[in-house]
Amino acid sequence: MKRSIFTIMALVMLNTFGIAQDTKQLQDAAAIKKMCGCYEVTFNFAETFNYSNDSLYKPSKTKIDKGLEWAQLVTDEAGKVVIQHILQVGDPAKPMIIKHWRQDWLYENKELYQYNGNNNWSYIKKDDSEVAGQWTQKVFQVDDSPRYEGSATWVHVDGKSYWENTTPAPLPRREYTTRGDYNITLRGNRHEITEAGWVHDQDNQKIIRSGTTEDVVLAKEKGYNTYHRVADGRCKAAAEWWQTSQEKWTKVRAKWDAVFARNTDLTLHEKVANKVLYKYLFSDEVQQKKEIDEIIDSFVSDSATEKTNGK
């Protein structure tokens, strides 16, 4: 009889724990989906400290930009939320639409591509215990190529919902066109849901990585990007653009998914025929799966393909 009681108690506790896990996962997903909608965005970046030995060192200028951004919910499944960001700029009567970054959120994901400099991402696989209860945020470039990824736990406490992670990333666009003295951005990311919308708070380090010596911190940077929710109707043009364009980008994502499924280190060419990837894919003439696949394949390093094929 005692054994039966203990067995029942254990089963009840396991069932209660499972329900709590499911409830927490739903709470996390609800917080993530609050990042969708129309937002007035302010991007703020300032270099705070530098550690260069060069007396002529010049810090990056403080950067402040504003824009209107539509965050489109693309996928809403158990354990997977995909959000596509789309910028809407210029004359409100005839705005310019720019496909922006994308973020995928995966629950208890074990496989990540970690940026390692020089357009190379190292494939890593975590243990179940390392990602229990966590969500991976995978951030992609405008052409859906990889950018950076990190795994952490969503926290809901004292009326706050936030997620924090530190992970290596390529230089941001505002930097790589003007800076060549470092090659890694170590991004300290905090996404916090607020009453007005959400905030992307960053504490970044500008890293010099040679591969043969320890990383060197060149400078530190503060980023504070605010997303203030406004009426969805203000982003009507961006939302309509997505409805007419999503079929093409579904094909692009499918091709990248096939590349990532190789589960090996990934190196991408910066340019092919002196042209960057997004300029190929942004062309309205590029629509068919075969052409999309061939373009993306041309940017994937042959060494990565050879590893996959066992050469």
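The model shown is predicted, which means the values in this text are computed figures rather than measured ones. (Residues numbered from 1 in each chain as written. Predicted model: local features only at pLDDT ≥ 70, side-chain atom pairs only at ≥ 80, totals over all residues. Heavy atoms only, no water.)

Caption draft 1: Representation of the side chain of Asp201. If you trace the backbone, Asp201 turns up in strand S12 (residues 197–208). Polar side-chain contacts of Asp201 include one of 2.7 Å to the side chain of Lys222. With sequence-adjacent residues up to four places away left out, Asp201 is seen in contact with Gly188, Asn189, Arg190, Lys222, Gly223 and Tyr224. (Helix = DSSP H or I, 4+ residues; strand = E, 2+ residues; numbered from the N terminus. Polar contact = N/O pair within 3.5 Å; in protein donor to acceptor, adjacent residues only side chain to side chain. Contact = heavy atoms within 4.5 Å.)

Caption draft 2: Representation of the environment of Tyr176 in the model. Within the secondary structure, Tyr176 sits in helix H3 (residues 173–176). A polar contact is formed between the side chain of Tyr176 and the side chain of Arg173, at a distance of 3.2 Å.

Caption draft 3: Spatial organisation of helix H6 (residues 289–299). Among the residues of H6, those classed as buried are Ile292, Asp293, Ile295, Ile296 and Phe299. Along the long axis of H6, the arc covered by the buried residues comes to 165 degrees, so they all point the same way. In this structure, the buried residues of H6 make contact with helix H4 (236–260), strand S14 (266–267) and helix H5 (277–281). (Buried < 20%, exposed > 50% of the residue type's maximum accessible area, 1.4 Å probe, protein only. Arc of directions from axis to C-beta.)

Caption draft 4: Structural context of the confidence of the model for the protein. Scored by pLDDT, the protein comes out at a mean of 93, with 91% of its residues at no less than 70. Segment residues 304–311: pLDDT under 50, and 11 contacts once partners within four positions in sequence are set aside and those in other chains are kept. (pLDDT = per-residue confidence, 0-100.)

Caption draft 5: Examining the packing of aromatic side chains more closely. A full pass over the atoms with the stated rule returns 14 aromatic pairs. Residues Tyr113 and Phe260 carry aromatic rings whose centres are separated by 5.5 Å and whose planes lie at 45 degrees to one another, so their mutual orientation is tilted. Note that Tyr113 is positioned in strand S5 (residues 111–115) and Phe260 in helix H4, a separation of 147 residues in sequence. In this pair, the class of Tyr113 matches that of Phe260, namely buried. (Phe/Tyr/Trp six-rings, centres within 6.5 Å; stacked < 30°, edge-to-face > 60°.)

Caption draft 6: Just the pattern of salt bridges, in detail. Using the criterion set out here, one finds 26 salt bridges in the structure. We note a salt bridge from Asp76 to Lys33, for which the minimum N-O separation is 3.1 Å. Of this pair, Asp76 sits in strand S2 (residues 63–77) while Lys33 sits in helix H1 (residues 2–33), and the two are 43 residues apart along the sequence. For Asp76, a relative accessible area of 42% puts it in the partly exposed group. For Lys33, a relative accessible area of 29% corresponds to the partly exposed category. Taking the shortest distance from any N to any O, the salt bridge between Arg190 and Glu164 comes out at 2.6 Å. (Salt bridge = Lys/Arg side-chain N within 4 Å of Asp/Glu carboxyl O.)

Caption draft 7: Geometry of the pairing of strand S4 (residues 96–107). Buried residues dominate S4, accounting for 9 of its 12 residues. Of the pairings in the sheet, the one linking strand S3 (residues 80–89) to S4 comprises 9 bridges and is antiparallel in character. For Ile86, the partnering residue across the bridge sits in S4 and is Lys99. (Pairing = 2+ DSSP bridges.)

Caption draft 8: How the structure looks around the sheet that holds S5. As summarised here, the arrangement of the 3 strands in space is S5-S6-S14, forming an open sheet in which the pairing is antiparallel. At either margin of the open sheet sits one strand with a lone partner, and together these are S5 and S14. Where strand S6 (residues 120–125) meets S14, 2 bridges bridge the pair, whose relative direction is antiparallel. In the sheet register, Asn120 faces S14, and the bridge partner there is Thr267.

Caption draft 9: How the structure looks around the state of the cysteines. Scanning all chains against the criterion turns up 1 disulfide. The side chain of Cys38 participates in a disulfide bridge whose partner is Cys235; the two sulfur atoms lie 2.0 Å from each other. The disulfide joining Cys38 to Cys235 has a torsion of about 70 degrees about its S-S bond and is therefore right-handed. Within this pair, whereas Cys38 is found in strand S1 (residues 37–50), its partner Cys235 is found in the loop between strand S13 (216–230) and H4, the two being separated by 197 residues in sequence. With respect to burial, Cys38 and Cys235 carry one shared label: buried. With no disulfide of its own, Cys36 has Cys235 as its nearest cysteine by sulfur position, at a separation of 12 Å. (Disulfide = S-S within 2.5 Å.)

Caption draft 10: How the structure looks around unusual backbone geometry. In the Ramachandran plot, Glu108 falls in the positive-phi region, its phi being about 50 degrees despite a non-glycine side chain. Among the structural elements, Glu108 can be located in the loop between S4 and S5. Glu108 sits in the partly exposed class, given a relative accessible area of 34%. Although it is not a glycine, Asn274 sits at a positive phi angle of roughly 60 degrees. Tracing the backbone through its elements, the reader meets Asn274 in the loop between S14 and H5.

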